[in-house]
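Coordinate inspection notes
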Protein chains: 4
Amino acid sequence: MIQIFTTGGTIDKVYFDALSEYQVGPTAVADILRENNVQCDHRVTQLMRKDSLELTDEDRAAIREAIHTSDATRILITHGTDTMVDTARTLGGIAGKTIVLTGALQPATLKHSDAEFNIGFALAAAQALPDGVYVAMNGQIFDPATARKDRKAGKFVDEVS
Amino acid sequence: MIQIFTTGGTIDKVYFDALSEYQVGPTAVADILRENNVQCDHRVTQLMRKDSLELTDEDRAAIREAIHTSDATRILITHGTDTMVDTARTLGGIAGKTIVLTGALQPATLKHSDAEFNIGFALAAAQALPDGVYVAMNGQIFDPATARKDRKAGKFVDEVS
Amino acid sequence: MIQIFTTGGTIDKVYFDALSEYQVGPTAVADILRENNVQCDHRVTQLMRKDSLELTDEDRAAIREAIHTSDATRILITHGTDTMVDTARTLGGIAGKTIVLTGALQPATLKHSDAEFNIGFALAAAQALPDGVYVAMNGQIFDPATARKDRKAGKFVDEVS
Amino acid sequence: MIQIFTTGGTIDKVYFDALSEYQVGPTAVADILRENNVQCDHRVTQLMRKDSLELTDEDRAAIREAIHTSDATRILITHGTDTMVDTARTLGGIAGKTIVLTGALQPATLKHSDAEFNIGFALAAAQALPDGVYVAMNGQIFDPATARKDRKAGKFVDEVS
């Protein structure tokens, strides 16, 4: 069983005409899994609904606690990209679990979004990788210790390579 | 480096108005990787452009030979779904390589297609799984020995489970 | 009130994996009108579900009869593009009605389809044009007497201009 | 010849990850016309790039002047929806021109947007309607004197009907 925790971020942003702005909405993950006829055993739980720049230490503690408490050993977390690496670094040392973080640089509601691809990519990573914490973005699996979002280039990079 | 071989199938089908029909076109994989800003080292090679029901023993021998000859140890194959499992079964016994087959039940050109999700899913599987041959469909990683396409249900199933 | 008659054609084609082929499905028009929050008074009636190359003289007589019988004076017909002009030419001489034919060169189920634009275009044409029969394609309003589908160029042209 | 003036609004909004926000971008109209293979003679001119709540009296005077100066008698204006009716009311009394305003409640960059349909609808309205000023939204042609955006309901309504 794969436990999917959602925390918000660009992947879940929707446009509200009534406000003329863009906000974090209900998670897009459930729709993506259903529309792609995903058959693996999984459960989707919304932990919070925030832009990742607004996540606090308490939020990160809550994510860690949710992973710790879950009976699942394979965990997928959707998360805003700006602080995804920061959150990943706080999740180290949980024994016996494969924890994969992903998100999107363009909202799932957009015609051209990386949401669907990234969720697919991260779902396989969560099933196939050994225990540990990983960032799965841009078709690559990163070690949070050396990963960084290059905001200007619009992609994640490995500081080492 | 991940070597991606394309063989055709539904994933690459396009609609030709001039023929009022649907045919296997140039591969959709390169576009999907570019549009999702995939950064992992990879190479896309078109081996053939066929509906999988038309694949012959010679075609399967050619696929096997291409894998064998490639300097890559991580191989992703896009393939029609009807005989994907059959092809996978002929690819056993190639030592030191992770071989993942995927495809789509709806063409990548359609609004609602599983192509993007499946390519993302299979790309992570090819990076993370140990040596062996796998079918990656419906968000699940199958052993070709027990996998089967349930055409009526429109999904892949594991005969054992 | 605008009466919309659907007859099939490329606009309504869907892909059936179980058949590995493309067929005329239920009409896409109702979905397009709902998704675009269309508020004008209208009614959608399916007359037939055929590729336009298969339409017979009886079919065309049935279309003419449906227009004649309808209490609406503004009529929109979705139709395959190959014989759209032929059908339009058989609909002349019905007094007091504005009759607009449209369709699509790419199925509405495709990511890149002219279906939505064309339905929008034809719906305004049906509301704004005086009595007569028109072909509304490629953002242009054609007189059926001089219109022709240029299959190679993938567009409708006016033989006169 | 149809002159298309763009002024900004929701229809042209794009998402900038680098800013985690949504802004008015380059106009979507040119892409929509090209992707739908529009063949009618037309010219697209960007007048301004603003949320319609930010349009000033000077902006409206500039729009009026551009229409007045144009050699075209058929004018299509893309505009934010919040003050579309207000602008339309300032454009009365220009003799010999058909002026149609349209826009979108969801950005053209979104998967589910009314942009393509509305541009198609307004383009036919601009070709087929007699001289005057019109608001073309929700598949309806409104008289600006009695039209109103019902923000809560997310659609335009006619105060009279």
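Worth saying up front: this structure is predicted, and the values here are computed from it rather than measured. (Residues numbered from 1 in each chain as written. Chains lettered and ligands numbered in written order. Predicted model: local features only at pLDDT ≥ 70, side-chain atom pairs only at ≥ 80, totals over all residues. Heavy atoms only, no water.)

Notes on the overall build of chain A
Helix and strand counts for chain A stand at four helices and ten strands. Helices and strands appear in chain A in the N-to-C order β-β-β-α-β-α-β-α-β-α-β-β-β-β. Taken over the C-alpha trace, chain A has a radius of gyration of 15 Å; the compact-globule value for 161 residues is 15 Å, and the two agree within 12%. C-alpha atoms of chain A, sized along the principal axes, occupy 45 × 35 × 30 Å. By residue count, 60% of the 161 residues in chain A fall in the buried class. Counting only contacts in chain A whose residues sit at least 6 apart along the sequence, the fraction spanning at least 24 positions is 65%. For chain A, the accessible surface area stands at approximately 6,300 Å², while carbon and sulfur atoms represent 49% of it. A gap of 2 Å separates the mean positions of the 16 positive and 22 negative side-chain charges of chain A. (Helix = DSSP H or I, 4+ residues; strand = E, 2+ residues; numbered from the N terminus. Rg over C-alpha atoms; globule rule 2.2 N^0.38 Å. Buried < 20%, exposed > 50% of the residue type's maximum accessible area, 1.4 Å probe, protein only. Contact = heavy atoms within 4.5 Å. Areas by Shrake-Rupley, 256 points an atom, 1.4 Å probe, with all protein chains shown as cover. Lys, Arg positive; Asp, Glu negative; His and termini not counted. Charge placed at Lys NZ, Arg CZ, Asp CG, Glu CD.)

Overview of the layout of surface pockets
When its volume is computed, the second largest pocket comes out at roughly 160 Å³. What lines the second largest pocket is a set of twelve residues, and nearest its centre among them are Leu105, Gln106, Asp114 and Gly154 of chain C together with Asn37 of chain D. (1 Å grid on protein atoms, 1.4 Å probe; cavity = no way out; pocket = protein on both sides within 12 Å on 5 of 7 lines; lining within 4 Å. Points joined across faces, edges and corners; volume = space filled by probe spheres on them.)

Focus on the interface of chain C and chain D
Listed per partner, the contact involves 26 residues of chain C and 26 residues of chain D. Looking only at chain C, the three residues that lose the most surface to chain D are Asn36, Gln39 and Phe117 of chain C, adding up to 27% of its buried area. Taken together, the connections running from chain C to chain D amount to zero salt bridges. Broken down by secondary-structure element, the contributors of at least two residues to the side of chain C that touches chain D are helix H1 (29–35), helix H4 (115–128) and strand S8 (140–142) of chain C. (Buried area = accessible area lost by both parts, 1.4 Å probe. Salt bridge = Lys/Arg side-chain N within 4 Å of Asp/Glu carboxyl O.)

Let's talk about the relation of the copies chain B and chain A
Least-squares fitting of chain B to chain A yields an RMSD of 0.0 Å, with the superposition described by an axial translation of 0.0 Å and a rotation of 180°. Here the two chains are linked by the operation of a two-fold rotation axis. Mapped onto chain A, 100% of the interface residues of chain B again fall at the interface, so both copies present the same surface. (Least-squares fit on C-alpha atoms with pLDDT ≥ 70 in both.)

Some remarks on the relation of the copies chain C and chain D
One copy of the chain maps onto the second through a rotation around an axis plus a translation along that axis. For these two chains of identical sequence, chain C goes onto chain D by a turn of 180° and a shift of 0.0 Å along the axis, with RMSD 0.0 Å. A shared interface surface links the copies, since 100% of the contact residues of chain C are contact residues in chain D too.

Examining the interface of chain B and chain A
On the chain A side, the residues contacting the 26 residues of chain B number 26 residues. Interface area for chain B against chain A, summed over the two sides, is near 2,100 Å², with a carbon-plus-sulfur share of 60%. For chain B, the biggest contributors to the area lost against chain A are Asn36, Gln39 and Phe117 of chain B; these three give 27% of the whole. Our count for the contact surface shared by chain B and chain A stands at zero salt bridges. At the surface where chain B touches chain A, the tally comes to ten residue pairs in polar contact (both at pLDDT 80 or more). Every element with two or more residues in the side of chain B that touches chain A is listed here: helix H1 (29–35), helix H4 (115–128) and strand S8 (140–142) of chain B. At ten residues, H4 of chain B tops the list of elements feeding residues into the side of chain B that touches chain A. By residue class, the composition of the side of chain B that touches chain A is 13 nonpolar, ten polar and three charged. (Polar contact = N/O pair within 3.5 Å; in protein donor to acceptor, adjacent residues only side chain to side chain. Nonpolar A, V, L, I, M, F, W, Y, C, P; charged D, E, K, R; others polar.)

These results come straight from atomic positions and should not be treated as a statement about function.
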